[in-house]
Each structure stands twice: as structure tokens, then as C-alpha cells.
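# Structural characterization, general
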Amino acid sequence: MKFTLSWLKEHLETTATLEQIAEALTDLGLEVEEVADPAARLRTFTLARVEHAEQHPDADRLRVCRVMTDEGEKQIVCGAPNARAGITVVLAKPGDYVPGIDTTLGVGKIRGIESHGMMASERELELSEEHDGIIELPSGEVGQRFVDWLAQNAPEKIDPMIHIKITPNRPDALGVHGIARDLAARGLGVLKPVTVQPVPGSFPCPIGVTIDGGVAGKAPFFAGRVVRGVTNGPSPVWLQKRLRAIGLRPINALVDITNFFTFDLNRPLHVFDAAKVSGNLVLRGACAGEELVALDDKTYPLPEGAVVICDDGGPESIAGIMGGAASGASEATTDVFIEAAYFDPISTAAAGRALKINSDARYRFERGIDPAFTLPGLELATRMVMDLCGGEASEVVTAGALPDTGRAYRLDPQRTSRLVGMDIPEADQRATLEVLGFRLDGDMAHVPSWRPDVLGEADLVEEIARIASLTKLQGKPLPRPRPGVPQPVLTPLQVREKTARRTAAALGYNECVTYSFIDQTSAALFGGGTDAVRVDNPISSEMSHLRPDLLPGLLQAAARNQARGFADLALFELGPVFSGGEPGDQAVRISGLLVGQIAPRDPFGSRRKVDLYDAKADVEAILQAIGAPSKAQINRKLDGWWHPGRAGNIALGPNVLATFGEVHPKVLRQMDVKGPAVGFTIQLAAVPFPKVKTPTRPALDLSELQAVERDFAFVVDPQVEALTLVNAAAGADKALIQSVSVFDQFTGLDNGQKSIAISVRMQPRDKTLTDAEIEAVARKVVDKVQKATGGTLRG
Amino acid sequence: MDDLTPLRQQWLDRITAATDPAAIEEVRLAALGKKGEISLKMRELGRMSPEERQTTGKALNQIRDEIDAALRARKLSLEDAALDARLRDEWLDVTLPSRPRRQGTIHPISQVTDEVTAIFADMGFAVAEGPQVESDWYNFDALNIAPEHPARQEHDTFFMHRAPGDDRPPHVLRTHTSPVQIRAMQDQGAPIRVIAPGRVYRMDMDQTHTPMFHQIEGLAIDRDISMAHLKWTLEEFCRAFFEVPSVELRFRASHFPFTEPSAEVDIRCSWEGGQLKIGEGNSWLEILGSGMVHPNVLRAGGIDPDQWQGFAFGMGIDRIAMLKYGIPDLRAFFESDLRWLRHYGFAAGDMPSVSGGLSR
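Residues numbered from 1 in each chain as written. Chains lettered and ligands numbered in written order. Predicted model: local features only at pLDDT ≥ 70, side-chain atom pairs only at ≥ 80, totals over all residues.

## Examining the overall build of chain B
Basically, it comes down to this: Runs of E in the DSSP output that reach at least two residues are strands. Runs of H or I that reach at least four are helices, and both are numbered from the N terminus. Here the globule rule reads 2.2 Å times residues to the power 0.38, and the radius of gyration is calculated from C-alpha atoms. Around each residue's C-beta, the other C-beta atoms within 10 Å are counted; 20 or more make the residue buried, 12 or fewer make it exposed, and counts in between make it partly exposed. All C-beta atoms are placed from the backbone. Contacts here follow a simple rule: the backbone-placed C-beta atoms of the two residues must lie within 7 Å.
Of regular secondary structure, chain B possesses 12 helices and 10 strands. Radius of gyration (C-alpha) of chain B: 41 Å, far over the 21 Å computed for a compact globule of 360 residues. When each of the 360 residues of chain B is scored for burial, the buried share is 44%. Here the analysis covers contacts within chain B between residues at least 6 apart in sequence; of these, 66% occur between residues at least 24 apart.

## Regarding the overall build of chain A
In terms of helices and strands, chain A carries 19 helices and 42 strands. Scaling as 2.2 N^0.38, a compact globule of 795 residues should have a C-alpha radius of gyration of about 28 Å, whereas chain A reaches 42 Å, well beyond that. Dimensions of chain A, computed from C-alpha atoms along their principal axes, come out at roughly 130 × 85 × 60 Å. Looking at chain A as a whole, 43% of its 795 residues qualify as buried. Taking the intrachain contacts of chain A between residues at least 6 apart in sequence as the baseline, contacts between residues at least 24 apart amount to 69%.

## Quick look at the packing of helix α3 (residues 37–44) of chain B against helix α4 (residues 50–89) of chain B
All names here are of chain B. What counts is decided by this rule: As a rule, the C-alpha atoms of each element are fitted with a line to give its axis, helices using only the stretch in contact, and angles between N-to-C directions run from 0 to 180 degrees. Small angles under 35 degrees read as roughly parallel and large ones over 145 as roughly antiparallel, with 65 to 115 read as roughly perpendicular and the rest as oblique. It is the rotation of the near helix from the far one that decides the hand of a crossing: anticlockwise by less than a right angle makes it left-handed, clockwise makes it right-handed. Asp, Glu, Lys and Arg are counted as charged, while Ala, Val, Leu, Ile, Met, Phe, Trp, Tyr, Cys and Pro are counted as nonpolar; the rest, among them Gly, fall into the polar class.
Closest axis-to-axis distance for the α3/α4 pair is 10 Å, and the angle between their directions is 160°. By the angle between their directions, the pair α3 and α4 is classed as roughly antiparallel. At the point where α3 passes α4, the crossing takes the left-handed sense. Along the contact surface, α3 presents Ile 38, Lys 41 and Met 42, while α4 presents Leu 60, Ile 63, Arg 64 and Ile 67. Per-class residue counts for the contact of α3 with α4 are five nonpolar, no polar and two charged.

## Structural notes on the sheet that holds strand β27 (residues 408–410) of chain A
Residues and elements named next belong to chain A. So the rule is basically this: A pair of strands is labelled paired if DSSP reports no fewer than 2 bridges between them.
The three strands lie next to each other as β27-β29-β28, forming an open sheet whose pairing is antiparallel. Looking along the sheet, the strands with just one partner apiece sit at the ends: β27 and β28 (439–441). Strand-to-strand twist across the sheet, computed as the mean angle between neighbouring axes with direction ignored, equals 30°. In the sheet, β28 pairs with strand β29 (residues 444–446) via three bridges, with the strands oriented antiparallel. Each residue of the ladder has a partner; that of Asp 441, found in β29, is Met 444.

## Examining the nonpolar core
Residue and element names in this part refer to chain A. What counts here: To define a nonpolar core, we join buried Ala, Val, Leu, Ile, Met, Phe, Trp, Tyr and Cys residues through C-beta atoms within 7 Å and take the resulting set.
Membership of the largest hydrophobic core comes to 249 residues, with the highest contact counts inside it found for Ile 318 and Val 336. For Val 336, the contacting residues outside a window of four places in its chain are Val 226, Val 227, Val 230, Leu 254, Val 271, Phe 272, Asp 273, Ala 274, Ala 329 and Val 385. Counting residues in each nonpolar core, the second largest holds 28 residues, with Leu 42, Val 67, Ile 134 and Ile 135 among its members.

## A word on the environment of Thr231(A)
Residues and elements named next belong to chain A. With respect to the helices, strands and loops of the structure, Thr 231 is situated in the loop between β16 (221–228) and α5 (237–245). Taking C-alpha positions, Thr 231 is 7.3 Å from Thr 333, a pair spaced 102 residues apart along the chain. In this structure, Thr 231 is in contact with Cys 389 and Gly 390, ignoring residues within four places of it in sequence.

## As for the sheet that holds strand β3 (residues 31–36) of chain A
All names here are of chain A. In spatial order, the strands read β1-β13-β3; together these three strands make up an open sheet with antiparallel pairing. The open sheet has two edge strands with one neighbour each: β1 (2–4) and β3. Going across the sheet, the axis of each strand differs from the next one's by a mean of 25°, ignoring polarity. Looking at chain direction, β1 and strand β13 (residues 161–165) are connected through three bridges and run antiparallel. Pairing of Thr 4 across the sheet is with Met 161, part of β13. Packing of helix α2 (residues 18–28) onto the sheet brings it into contact with β3 and β13, and relative to β3 it is tilted by some 155°.

## Thoughts on unusual backbone geometry
The omega torsion of the bond from Gly675(A) to Pro676(A) falls at 0°, within 30 degrees of zero and hence cis. Structurally, Pro676(A) is set in the loop between α17 (665–670) and β38 (677–683). Geometrically, the link from Glu260(B) to Pro261(B) is a cis peptide bond, its omega value of -5° lying close to zero. Within the secondary structure layout, Pro261(B) lies in strand β7 (residues 259–272). Within the chain, Asp102(A) stands out as a residue other than glycine whose phi angle is a positive 50°.

## Description of helix α12 (residues 457–468) of chain A
Residue and element names in this part refer to chain A. Our working rule: Multiplying 1.5 Å by the helix residue count minus one yields the expected span of that helix.
With 12 residues, α12 extends 17 Å from end C-alpha to end C-alpha; this agrees with the ideal 16 Å at 1.5 Å per step. Here α12 lies mainly inside the structure; 11 of its 12 residues are buried. Among the residues of α12, Ala 458, Asp 459, Leu 460, Val 461, Glu 462, Glu 463, Ile 464, Ala 465, Arg 466, Ile 467 and Ala 468 are the ones counted as buried. Backbone geometry just downstream of α12 places Ser 469 in the positive-phi region, at approximately 90°.

## Re the interface of chain B and chain A
Reports of interface size often rely on the accessible area that becomes lost once the parts have come together. Between chain B and chain A, the residue contacts involve 75 residues of the former and 82 residues of the latter. Examining the composition of the side of chain B that touches chain A, we find that seven residues originate from one element, helix α9 (residues 227–242) of chain B, more than from any other. Classifying every residue of the side of chain B that touches chain A gives 40 nonpolar, 19 polar and 16 charged.

## Examining the pairing of strand β8 (residues 275–278) of chain B
Successive residues of a regular strand alternate their side chains across the two faces of the sheet. Residue and element names in this part refer to chain B. Pairing between β7 and β8: four bridges, direction antiparallel. Its bridge partner being in β8, Ser 270 is matched across the sheet by Lys 277. Hairpin connection, β7 to β8: the antiparallel pair is bridged by two residues, and Gly 273 has positive phi, about 55°.

## Considerations on the environment of Arg501(A)
Locating Arg501(A) in the fold gives a position in helix α13 (residues 492–506). With 328 residues separating them along the chain, Arg501(A) and Ala173(A) place their C-alpha atoms 50 Å apart. Discounting residues that sit within four places of it in the chain, Arg501(A) has contacts with Glu511(A), Leu574(A), Ile106(B) and Ser110(B).

## Quick look at the environment of Ile110(A)
All names here are of chain A. Inspection of the secondary structure puts Ile 110 in strand β10 (residues 108–110). Judged by the 16 C-beta atoms lying within 10 Å of it, Ile 110 is partly exposed. Taking the C-alpha atoms as reference points, Ile 110 and Val 77, separated by 33 residues in sequence, lie 7.0 Å from one another.

## Describing the confidence of the model for chain B
Spelled out, the test is: One number per residue, pLDDT, summarises how confident the predictor is, and it ranges from 0 to 100.
Overall, the predicted model of chain B reaches an average pLDDT of 92, with 99% of residues at or above 70. In the predicted complex, the global pTM is 0.87; the interface-specific ipTM is 0.89.

## Quick notes on the packing of helix α10 (residues 413–420) of chain A against α12(A)
Packed helices, taken two at a time, are described by their axes: the angle between them and the distance between them. All names here are of chain A. Relative to each other, α10 and α12 sit at 65°, their axes nearing to 10 Å. In terms of their interaxial angle, α10 and α12 are classed as roughly perpendicular. The two elements α10 and α12 cross, and the hand of that crossing is right-handed. Across the interface between the two elements, Thr 416, Leu 419 and Val 420 from α10 touch Val 461, Ile 464 and Ala 465 from α12. Class assignment of the residues belonging to the contact of α10 with α12 gives a composition of five nonpolar, one polar and no charged.

What follows is the structure in C-alpha cells.
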């Protein structure tokens, strides 16, 4: 919403400065986006008088002037034809910035003669396009600031434009009058009342109006009248200036009047050329297939059911949004039909959205204009039409009835202070509401018809607080919920997320945050991409489906980094994945991805391709950090995006905690990632939480007796898993065997067999083991392993 | 009795002459071994008279100890010399690079979320969470944004697909973290203090907007929490978060459907040479929206607005991260450019805390 200071002053009796007004507007919730103050660029210029002017010795068109300034007499060379002794001029001194020529002046030498400044034309000061000569002022003293002279003698030339942002709840501030009302309530002046003197009709309105019953809810009230015998042409200069100042193009007097009331009093109007209206006007819902060429000369297919204003020939105007080109007022118009109506905000918004028309009228109707001002607005417009264009007014015709906006809420001054935390005396609270147009009846505040947003007691509080100024609010310490040291607030899962994230970073992974939505193809590679997780209005096809997994985002990130020349990567992300389109279908996971080589080239030969055991080490480290049980099984019931032979799930029975391994080469190819790539995913919530939380550790169990280690090497079939062998060995004597570890593997024996070497550590409890006892355990180990794996002790 | 002096001298000389551990051992055996000269002499003591035995024995013991000490000393000095020689050969180029170790990083969004959480946890706020696919009731209606409310259009909402025949209004990707307010109130009732950080989504992508970004929501409901408490809480938060001695906030009346009164909050700052400084200067920077929770919102959360009142606020995590750490481009947050992650990321051990400070 834009307006000028002088326009505001038509509605507000005030002595406040522009700065005070701008500050108050922002503070009141009418946030100032921009103040364009033409005076700001003119502050350095002062008045001067030409004492003497003579021909420049070396230039026909130049004159050398002696000019009296506030700093004494100066010599200035001037090319203006009107530069002559005795005139009062506007002086720009060396060092001043002259906006119209975009130059900062210096002391110059023009054809050999020094010039100490410049006498400016209106164009050079961006006051107008006038450049036939320098400014000659009819009054003013030497040394007086030019802006001060303008303020006294020609304020319209430096009328500041103010642009404010209006929140959707404040349709009343979409007219200059409403803005003035807020400022008056703040104490920045007195609101000038809008006086309406009805224009009596001197003949019956030749155009009748009816509202089709089906649209009575969308178009409750319609009023209008004809003014005949008007002379339409350019509107007067003051009106054109006003419209131009806020960025509107003057069209003709009748149209300019409608625009003026739209911005002056938030009263959108429409004018029809009565001669082009055949028969009467009917408001009805648009039928399928109907079209209208609107005032912007575009043809709009009308949305079925949108309210249109029709004559015998069909739709002439889209209610509350835009008029039709055919029946619009032109310079040839002699009889005009002025429309003032009240249209329902919701249906206007719906029609406007369907039509994709953003007009000043739609903007206002959909936020809610003052229904009670419909007829007064029509009267004011009639008067202005007759003032500017002459003519004779008919009687007013109306259809429908205005909605009743009467309602009242209780004002509880104590509650106001308690909510805001600021002591506002009851009298002030009441006074504020009254200036804003509320009518107070005891403790009941009756809401003015122009405030559709006020719908409860809390809205009264807001009005009072905003006028009282939240800037004045003093902070007050919020007591802790309980005295003393704060208690931890994170849930166990939140703590776990934090731990997992920090551990992954400590393991050398760079954390990424990728979008929750990915393209359908990538989603489908990871078991997603169905309609259930499809975004109906994606911003691009790259972001059409909620991600089923974190790996596709990381793989895309890897591909982008590889394209930039970074081939070796360790990336991770912790965040939500989506199994469906319902609010609960979301789980938090952490995934890591290692791509390329484990290390850069170095003198120690550290460089090698990443492999699944790297991923396994990292996933185990994170699982350990978040307190997962150390004894989990590993199975190969893998999802399709893992390498079927080089990946595994870490599980507790059917409960899969994590997966690690090589990403399926097909997936890498489709996602343009140069392998090898290994990764892991942990289902953070699947890892069981401790049943009892206690800081106490179990007692440390140490034996005084020396442990004994025995090594075994078994020859087994190639697909026998080491863990099977280890578990079998450990089961040989659960009391004695403390741990079993694999320390070697050798593949490629005869028949494709392999050898796995394990070390079994026996920890005696009550006495040192004899050789015979150790030998007995060793035999059991061999038996057990053989039974479980078919493996034999390597000779 | 023989003079033992030459004997002593002879052995000491032989020790000095030995130049490697083997020679030392040879001397030791020849002198002190079972059949060594000194040992044999000591065995002869038994055949002497008591007087002789006393004097000679004493002298022999002395010589034996002396030779033994000399042997040890010589051995040690030879070992030292050998070690010195070995160390001279064991020179390595210490300017070679170290064995490579990957340096991981924490994303600024996670780091700043941890910072904000640390501050609010100290003030007694728990962390609440909610789904990112939300019903339109939680995302809009419960927050006093009726279907026809203009704010609904301004949210640039992403809608989820609805299967044919499913006549429910489509779910949305939450446009703000505010629905978590409703869920938290429904779960916990009043009094309540929570913050809710997380991803939010709006259909907007240009220089300064991404279709996904992060917000943090705050909610405090009690018997008599006022807007003055809100102001203090935000002042304390900003002071702690931006790690400056003091901040000045300006509350500007504004409008949000879910709060009343509502205020936009600006923070005093300066922009000298493109460098933002919080807490000083003549500029104001809008950093968050806030207000007193609207009675309709309390009701939607199952809380009686006649008994309870309180404040809510919301701000952009990405935005405050950019402001605090001087990160210029929002879009880069989600691009996972390794150079960016390394440059703007944080070390794993940089855990923000109220006691240790938020940043290094």
C-alpha cells in the first residue's frame, strides 16, 4: 500500500515529521517498506542571488555571473539563457551531489574561467522535466535551504511517498483514511472525519439491478446509479499527481475517480459506460464456457460459479475483480453507471485465484472491505464525478442486503495488562479502542464495521497493545520451571541422534543435509517412489517424492562432488525418511557413504579402495556409541540396493538394527557414481533402549590366573562364514572360553576352500589349567567347529 | 701374602681393553666365572690361616666387587655407544606428511540446533518433535488459519498426493514448525515449555529461498506468562546465541493468525563493510516472529485459555546460522559441496554447552 504524505494529511491533522510518522507506522504493525523522500536529495542546496552577469569572453552561450551566497560572493559560469542579475536561484556548491546529472560538483574551469558551483534547473534536481533555464524563485533569502523554501511554497514538489506492508488481517489499512486512523490512535494527530452529503437523484435509474438467488451469499449487496451528461477526459492535475505518486497510470477522470476511492477510503468501485449496457444488470454465477475480455484486454475463461455482472448480452464484469473492456468508461462516455457493491471475501479470493488476476479490487474484497461504507462510498463518488465531469445523478438502485457485522466483546483491562506484561491504565485502553472506532458500552466493545479481523477478546488486547507500542515493552525474567540446576530435557532418542551424529563426524564423515524429496527414479531404486509419497505440486521433477532412504541423497551428493573433481568421499546424513504419506510414516536414520579410496596417496601406501569392512567398522563404532548390544546377529536378508554378496544386516532376531556393505553396482551406475562405494544405515529407533537407566557399572570381573591362548586354523568351504565358526568355537566351553577372534584368512586352497585362523582365549577361574585340560578344550573346539561348518583342522 | 695390586690392575686393564659385549663377557668369565682367576683365589682362602684369611679375604672381596662394578660400567658404556651408533643410523624424515586421517564435520544446521537447544534447555525448555507430513488440521486449522484465510495462500504449501476415493483434505508438508505446538500441548497439557526444531517446506526457490529449510519453534504456557517474559526470553537467547555482552531487541506489532498480540522482533546491529555485528549500530535486523498464543490455538491443543496463557515464537535456523557464522548463501546448505562442508562445518568435539560456550 502506497500513499504520499500530503495525501495522508488530507485525513490526518498532524504536525508530526515524516520520520515520526514512518517510525510510528512500523511500530503499529504497518511496516514501512520504503520511504521515497524527494527532499532527501535536495538538502544541500541553498538559495542565492545573481548580482551581476556578463558575457563569457570565449563563449557565446555562456555567462559569467557574480552570485551572492551564504558564503559570500562567488563566480559561477552559467549556460542558461535566463541567467541574469537580480534573480533568486538554487545553488549547488562544489562538493554537492546533483541527482539529475548524477555528478558531484567540483571547482571547474570553463573555457578558462573558474566556476565555483552551479545554478540548477528543475531537471537537474529531478523536480520536473523542465530544463529551458535555471530555477528562478519568486521569493526566498540568500542562504535559505531550498527544501525549506519548497516546504513553505511548493510542498507538492517534495511530497514523500510511503510504502507500507499490510498484514492480511488489516483490510482497513488499505485506504489512506484507515492508516490515518491508526496514527491518530497513536496520538500523532487528529483524524479528519469523512463527511458524506448524499446527492439526491433527479430521475429514476435507467438501469435496474438484481442478484440471482444462487449467488446471494457471494454477492450480498449491490448498489449503483447513473450520472448522465458527463464530460469524461483527463482528470485534474492534483488527481493525476496523486495516482502517479503511488505508481498508478491516470486513464480518464471516471476511471481515476474509482482508483482514487480504492486507495483513499478502501472503497473499490466500478464504472460502466451506461450506453454500452443493454438492459438491466444481473449478478449471477458464470456458466461453463463463458468468457470475458477484461479491462486489461485479456480474454478470461470464466470459472463456473464465479459471480459475474451481466447485461442482456452476457457478462460485463467479474464481481470484485475486474471490469469488462466492452462496457468500460472511455473518454466518449456521456452516461456513466457507478457500481458500489459488497462481495464476499472467500468467494472473491477463490474466483481471483482461479482467474489468476491480481487487481487492487480483488486484493481488497478478499481481505474484507467495510460493508457499511458501500452507500456512503457511492455518494462520495457521485459527488466527485459531478464535480469533475458534470452531469446529473439518478436515484440509487440497490439489490440484496448488507451483511450484519455487529458484534461486541468484553474488554477486561486487567487481562490486557496480564497478557501484555505492561501496565496500561483502563482509561487509556478504552480511549484507544474508541479512537479506533470501537463503541464502548459498559465493558462491551462493539467492533467497527471496517474491522472484520476482530473476532474475540484477544483481538481487543492486540489492538490496545499495538497502539500502546510494543517497543516500550520491558523484558521480565522468566522463572525457571523449578529452582536449581536444570534437568536434562532431551529424550533418549534425541540423545542417541546427537551421539550418532558426533560419532560419525569423529569417524571422519562430513555431515550433509539433503532435501527430503528426491526424484521418482532414485526413490524407486530404494524401494520408494510410490504415489503415497508423491508431492502433488513439486517444485521440480527432481523433488517429486519423499525419500524412502538417506542413501540416494548421499549418492547424488557424491556424484555432484565427483563431477567437481572430488573422488574420495566420506559423507553422512542423519534425518527423516518416509515410508508412506501419513503423518506417522516417518523414521529417523543415519546413513554413511564411503566412496573411492580410503586415503589420499601418501608415502606409506595407505591408499586403497574402500571396502565393506570399512563400513562395518564405522557402523559398529556408531552402534557401540549409542549403546547397541554387542552380540547381534548378521543376516543377508538384504534390500535390493545392496550388493547381494557383500552386505549384511546387523539384527536382533527379526529386528534389523543396521545394514552395511557395498552399494549395488547397478544403483551406482544409475546414479552416476563412480565406485567403489560402501555404506551403512542405522535405524536409530530400532536399537533397544536400556530398560533401567542407572549410572552404576557392573563390578569389574578380574581373574588372578593367567589366561591361555591357543590358535587354530580350519579349512572350510568358501562360503562358510567366519561368525559361524567363531560362535561354534566359543560354544565349546562357555565357562572357560572368554573370547574367540579371527586373526587370519587364506583363500584359494585346493577345491576353492579357504582357511580361517582363530585364536581362542581361555580364562581359568579357580586353578591354573593343566596341559591335559587345555588339550581337552582344544579337542572340543575342533569338534564343535567341524560339526558346525564341516571344517577340518589345517594340517 | 701376595700383593694383590698387580692382579687388580691387570683385570681392570683387560676390562678397559674389551670393546664389545662378547669380550666383556669373556673377561667376566675369566675373572669372576666359576673357574675365573678371582674365583679360584677365593676358593684358596679355605686353606689359609684365620688371620691370613681375614686380610686376604677382605682384599679379594674388594677386588671382586671392584672388577664387577668395572665390568658393569664398561658394559653400559659400550651399550650406550652402540645405541648412539644405532640412533645415528635411524634418521627419518620427520617432515614427511603424517599418516592420513579423515577429518569429519558437523553441518552448521546441526551445530546451531545444538546451540539453540543448549540455551533453551538451560531455561527449562524440552525438545518436542512432530511429523513433517502433516494433516492440514495441524498445519493450519488448529493454528487458527481457516481454509479461506489469506495466510493459507501465502504459505506456498506443498500438498501430498491423495489416492482417488480418499476424500480427506490432502496432507501437507508442514509449512512451519508450529503444528508441533499443538501436538506438544495435546501430549503434555499445561504448564509446558518446549522448543521444536526441524525441517519445514515451502514452494519457493530463488536466490534466497529453498523449498526446504529449518525452523525452531518455542512455546511456553503457564498461569501468568506474559509478553514481557517473551521479550526477556528472546533477549537472553539472542545474547547467549550471538555471544555478545548485550543485545537490544525491538518488538514491532505484526500479525500471525496463531498469536495475539503478535510481534516481529528486530535486533540492533550494524553492517560495517558487509560485516554484521549484533548488539551495536543503527540498523535493525528482523530475526523472528512471536506473540502470545491465540486462545483458539490453546483450545486446539486442549488447553483452557481462561486458565492458561503463554507465548510462542519461531525463527529460521538456517537464517540465524547464516547471521552468526557469516554464511552467505542459503542454497549451499543443501548442496553437500565437500569444500563447503569442510569450510563451514564444525568439529565433532565442538559440543555447544552453556558452561563451555557455544562456539570456539
